[in-house]
Amino acid sequence: MSRTKVKFLRFLGNIVICTTVAAVLALSVNVGTAKVSAAGRQPLYSGKSATKVSLMVNVYWGTEYIKPMLDIFEKYNFKTTFFVGGSWVVGNPDTLKTIAEAGHEIGNHGYYHKDHKKLDASYNRKEISSTHDAVKDVLGIDMTLFAPPSGSFGDTALGVAEELGYRSVMWTRDTIDWRDHDSNLIYKRAVKNIKGGDLILMHPTDSTVKALEDILQAVVAAGLKVAPVSEVLESDIV
């Protein structure tokens, strides 16, 4: 084989090696970017409003306390957001209608209160979409807000929610009323250093009902108002 031919073959070999390395590097960059994109997806912990807060009520039980809560909200002419579980909706369609007819926003809280961080994409999709369908069957609406049960989520859960047209929402402050049945403690957790944009988590409990009017009065005293989560997420500064 001539020296010229050997040089030519080496030249071709180097081109192949360089092309292969470049392809591998490009793939690595793309994969890395995909991971960063997935890891960078986060739920919303507060809103942009300077004048509004939301008392987000998660509902799987405590149906008997919902009407008293609605009456107190009505007294102050405040609307908020109730995040409902699909299994609860199926058992309590009339109560769901009552909440919606009172002007409150309805959000998705999964069907069976599962740990969404541990669910695969298919199961996440089933939990969220089944709840969506249950609410739409009763109210004819398409919900757009998802509150992960127990505040448990992962990249998969957030990705599926986004795919289904949802914004995932957590909370700024938690009253922990499901555990601590102390209305004074619930009140303090809800309003201490309260500010516009806060998302305040609560549930329908007897102690929450007892604390609710004081909470609303504190909101008013702070120069704020209670509004649905979707409103609190948006800025009211022009």
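Note that the structure is a prediction, hence the values are computed from the model and not measured. (Residues numbered from 1 in each chain as written. Predicted model: local features only at pLDDT ≥ 70, side-chain atom pairs only at ≥ 80, totals over all residues. Heavy atoms only, no water.)

## Topic: the pairing of strand E3 (residues 105–108)
Argument step 1. A two-sided burial pattern is seen for E3, the buried positions comprising Glu105 and Gly107 on one face and Ile106 and Asn108 on the other.
Argument step 2. In terms of strand pairing, strand E2 (residues 81–84) meets E3 through 4 bridges, oriented parallel. By the bridge assignment, phenylalanine 83 is partnered in E3 with glycine 107. (Buried < 20%, exposed > 50% of the residue type's maximum accessible area, 1.4 Å probe, protein only. Helix = DSSP H or I, 4+ residues; strand = E, 2+ residues; numbered from the N terminus. Pairing = 2+ DSSP bridges.)

## Focus: the packing of aromatic side chains
Argument step 1. Overall, the coordinates contain 3 aromatic pairs when judged by the stated rule.
Argument step 2. With a centroid separation of 6.5 Å and 80° between ring planes, the pair formed by phenylalanine 73 and phenylalanine 82 is classed as edge-to-face.
Argument step 3. Between tyrosine 76 and phenylalanine 78 the ring centres are 6.4 Å apart and the planes differ by 20°, which places this aromatic pair in the stacked class. (Phe/Tyr/Trp six-rings, centres within 6.5 Å; stacked < 30°, edge-to-face > 60°.)

## A closer look at the side chain of serine 54
Argument step 1. With respect to the helices, strands and loops of the structure, serine 54 is situated in strand E1 (residues 52–59).
Argument step 2. In this structure the side chain of serine 54 is engaged in a polar contact, spanning 3.4 Å, whose partner is the backbone nitrogen of valine 229.
Argument step 3. When sequence neighbours within four positions are dropped, the list of residues in contact with serine 54 reads Thr80, Thr81, Asp198, Leu199, Ile200, Ala227, Pro228, Val229 and Val232. (Polar contact = N/O pair within 3.5 Å; in protein donor to acceptor, adjacent residues only side chain to side chain. Contact = heavy atoms within 4.5 Å.)

## As for the confidence of the model for the protein chain
When pLDDT drops low, the exact placement of atoms in the prediction is not to be read closely.
Argument step 1. Put simply, the protein chain has an average pLDDT of 88, and 83% of its residues get 70 or more.
Argument step 2. Here residues 16–38 is a poorly scored stretch, pLDDT under 50, and it has 1 contact once near neighbours within four places are set aside; other chains count. (pLDDT = per-residue confidence, 0-100.)

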